[in-house]
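Residues per chain are reported as follows:
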Amino acid sequence: MSDPETQMVPNPERRNLLIFAIALIGAGISGVMGYAIFGYAVGQALKADGTSGDGNWIGIGKLDDFSEGVPTQKNITVTTHDGWVNHRSEEAVWVVRNTDKVTVFTATCPHLGCKVNWQEQAAQSCFYCPCHASSFNVNGTLIKGAAARGLDTLDWRRQADGMIQVNFKRFKAIVAEKVELL
Amino acid sequence: MTHLIGKLYDWLDERTGIKGVLHEVLDEKIPGGARFAYVLGSALILVFGLQFVTGMFLTMYYVPSVEDAHRTVEYISKAVTSGWLIRGLHHYGSSAMIILVGLHLLQVVIWGAYKNKREVLWLVGIGLMMVVLAFSLTGYLLPWDMKAYFGTQVTVNIASEVPFLGDFIKRVMLGGTTLGTITLSRFFMVHVIILPASIMTMIALHLYLFRRAKPAGPFNLTEAAAQAKTDTFFPKQVFKDAVVGLVVFIILVVVASKWPAPLEPKANPADINYIARPEWYFLWLFQTLKYFQGPYAIIGSMVIPGVVMTVLATLPFWDRSPERHPRKRPKVIFGLFGGLAVIGILMGMAIQEDRTVFKDTFAKQHAAGEKFMAQPFKPKETGFETEKKAKAAPPAIFETRCAMCHGKAGEGNMVGPKLTAVTRSKADIVKLIENPAAVGAAKMPPMAGIPEAEREKIAEWILSLRD
Ligand code: FES
């Protein structure tokens with residue numbers, strides 16, 4: 001059982017070799033664990049969750065439900081793929097009728113994600129975000145405020161029975177371009 | 001470069017005393033030289049570290065409730081990146097802990113390393129072993145699958161056999177009268193807060209006492225001979241520790257990849273065919289239970305384990321001679337191997353009986369587990385009720401007679417109040433529509449000529465709007 005090479009002071013070369021081997025083993029185990037945990041905690045968060053995408057058409061009503069040139073708030077039920085649950089919850093959109101077309105905006109402010117509301121004012125009615133005072137005109141164009149782009153529009157289509165559907169999506173905050181979150 | 005690092009090191013040392021700490025930690029003298037025989041403690045610390053890290057990350061997705069526990073464990077195993085590995089390491093790591101604790105204990109007994117003023121060190125070690133067992137008992141319930149549920153049911157009922165206090169203990173363990181969400185919560189809390197805090201304190205104490213008592217050294221060398229030939233802990237012993245640690249780690253990763261940590265279908269208390277079995281390391285105790293029936297049951301569940309534990313815990317108090325060589329301590333060594341043989345035989349019998357008597361049931365249970373693991377993960381659907389409610393259209397007559405004041409969906413307008421939070425009874429509403437004044441709603445004009453059947457429909461619809 002006893003080790004013939006055992007001595008009080010091992011020669012420095014052997015000592016360095018041992019230290020190198022210890023470091024290598026330590027790095028190996030930490031590396032495997034680090035890689036697994038990185039995927040588990042970070043990689044998982046970067047996976048597309050399937051919440052966005054083109055399959056998500058939701059009915060919001062017929063053309064006559066919306067008034068010309070004035071935004072109407074509509075709450076739609078969206079399905080969010082949220083880890084181990086599929087969650088159904090409400091989201092607000094704004095619908096503006098334009099003769100036989102509509103424009104649909106998400107109610108989420110493109111600045112930092114508060115909700116915009118329509119404010120009737122004598123001078124200029126606008127979508128107003130109370131968080132950092134961004135305002136947008138009825139076409140969604142930015143009038144002034146902290147946001148870097150106008151309100152985000154959603155794709156819509158009309159079914160044979162006249163029902164209008166929107167494709168609900170979420171977009172990146174802050175930036176000047178409209179970037180879909182996947 | 002080296003010069004700079006040296007300077008930085010000096011700077012740090014002046015402020016932290018790190019050189020002294022490292023000297024204390026790394027330059028400990030190993031009497032008789034570094035050996036593979038001394039690796040078990042370090043291997044335990046490594047596996048405990050793995051359990052700690054994987055356990056921490058499991059709580060990132062796990063939810064301790066009857067409603068969600070099983071689904072979140074399934075989610076970790078099937079859908080999360082590397083989830084199978086994190087859970088697999090944690091699952092098999094618990095068995096590795098038990099094996100290493102067993103080997104460590106065995107070695108200390110064989111080497112007589114509990115002698116010479118090491119009683120407290122030994123007692124803390126026994127305490128650590130019990131904490132490890134408590135970890136495994138509490139962790140067993142958390143996945144909330146069939147075996148978790150029925151296995152814990154048995155454990156809790158065994159605890160209730162304690163004389164006088166049994167019912168009280170059982171109730172406190174369950175958190176009430178049934179094994180359910182409250183039980184799961186408290187097992188979870190004990191498993192992830194109390195036990196980790198206790199084990200870390202006790203490991204620190206164990207290491208401190210170990211350093212204070214000094215390593216016992218080989219049993220076949222005199223103290224002088226052992227001291228004549230020593231290594232420092234670092235790097236020779238650390239290297240041997242690291243090699244063994246690597247082997248243990250590789251085994252765990254390979255096992256977790258080859259046999260993914262099992263998960264059976266969600267606990268179903270109504271399943272009368274399910275046969276519960278404890279983890280393999282409790283099988284010998286489980287087998288003992290079979291031999292003591294009726295009023296003697298307590299002998300198998302309490303007395304025998306209690307006596308074994310007491311004898312073990314008091315070992316350094318009754319084996320007091322300074323002799324350490326196993327050949328010269330026949331009583332202890334025979335006792336040890338006799339005990340191990342009995343445990344082994346009981347375990348073998350338990351396995352043998354299950355393989356023959358319950359062969360088909362276990363095959364079925366196993367197949368059910370495999371089938372469940374092979375199915376793709378299906379998320380839980382929530383929030384769908386709200387949608388159904390919103391979709392129900394009002395009765396046709398509501399649109400013509402009521403909607404102008406109460407809104408098309410009962411949301412109310414300037415004239416009439418909203419109907420989405422009405423607290424009246426159905427009969428009340430039916431009456432109100434025809435004669436509002438009679439039930440204290442004189443503001444609304446009476447709606448004549450709506451047949452009772454229609455009014456009932458309206459009332460039902462209004463009540464359906466409430467959440
Ligand atoms: S969030 Fe709307 S302006 Fe900042």
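This is a predicted model, so every value here is computed, not measured.

**So, the domain arrangement of chain A**
Alright, step 1. Domain parsing of chain A yields domain 1 (1-47) and domain 2 (57-167).
Alright, step 2. Between domain 1 of chain A and domain 2 of chain A, the C-alpha centre-to-centre distance is 56 Å.

**Regarding the interface of chain B and chain A**
Where interface size is quoted, it is often the accessible area lost as the parts come together.
Alright, step 1. Counting residues at the interface gives 35 residues for chain B and 33 residues for chain A.
Alright, step 2. Of all elements in the fold, only helix H3 (40-58), helix H4 (69-78), helix H5 (83-110), strand S2 (230-232), helix H11 (233-258), strand S3 (380-382) and helix H17 (384-391) of chain B reach the threshold of two or more residues within the side of chain B that touches chain A.
Alright, step 3. Considering every element that reaches the side of chain B that touches chain A, the biggest residue donor is H11 of chain B, with 9 residues.
Alright, step 4. Broken down by class, the residue content of the side of chain B that touches chain A amounts to 17 nonpolar, 10 polar and 8 charged.
Alright, step 5. Taken together, the 3 bridges between strand S3 (residues 85-98) of chain A and S3 of chain B define a ladder with parallel strand orientation. Residue pairing in the sheet places Val85 of chain A in a bridge with Lys380 of chain B of S3 of chain B.

**Concerning the sheet that holds strand S11 (residues 163-167) of chain A**
Residues and elements named next belong to chain A.
Alright, step 1. Overall, antiparallel pairing links the 3 strands, which are arranged S1-S11-S10 in an open sheet. The sheet is open, and its two borders are formed by strand S1 (57-62) and strand S10 (156-158), each paired with just one other strand. Adjacent strand axes in the sheet meet at a mean angle of 30°, parallel and antiparallel pairs treated alike.
Alright, step 2. In terms of strand pairing, S1 meets S11 through 5 bridges, oriented antiparallel. By the bridge assignment, Lys62 is partnered in S11 with Met163.

**Regarding the environment of Gln73 of chain A**
Alright, step 1. Along the chain, the position of Gln73 of chain A falls in strand S2 (residues 72-82).
Alright, step 2. Overall, the presence of 12 C-beta atoms within 10 Å leaves Gln73 of chain A in the exposed class.

Cut-off values and rules
Each chain carries its own residue numbering, running from 1 in the written order of its sequence. Chain labels run from A onward and ligand labels from 1 onward, assigned in the order the entries are written. Whole-chain, interface and lining totals are the exception, using all residues; otherwise, since this is a predicted model, local features are given only for residues with pLDDT of at least 70 and side-chain atom pairs are given and counted only at 80 or more. Source of the domain bounds: an automatic or database domain assignment. Remark: residues whose backbone-derived C-beta atoms lie within 7 Å of one another are considered to be in contact. By the criteria applied, helices consist of DSSP H or I runs no shorter than four residues and strands consist of E runs no shorter than two, each listed in order from the N terminus. Residues are grouped as follows: Ala, Val, Leu, Ile, Met, Phe, Trp, Tyr, Cys and Pro are nonpolar; Asp, Glu, Lys and Arg are charged; every other residue, Gly included, is polar. In this analysis, strands are considered paired if DSSP registers two or more bridges between them. Where helices are involved, their axes are fitted lines through C-alpha atoms of the stretch in contact, as for all axes, and angles between N-to-C directions lie from 0 to 180°. Neighbour density around each residue's C-beta defines its exposure: 20 or more other C-beta atoms within 10 Å make it buried, 12 or fewer make it exposed, and counts between make it partly exposed, where C-beta atoms are placed from the backbone.

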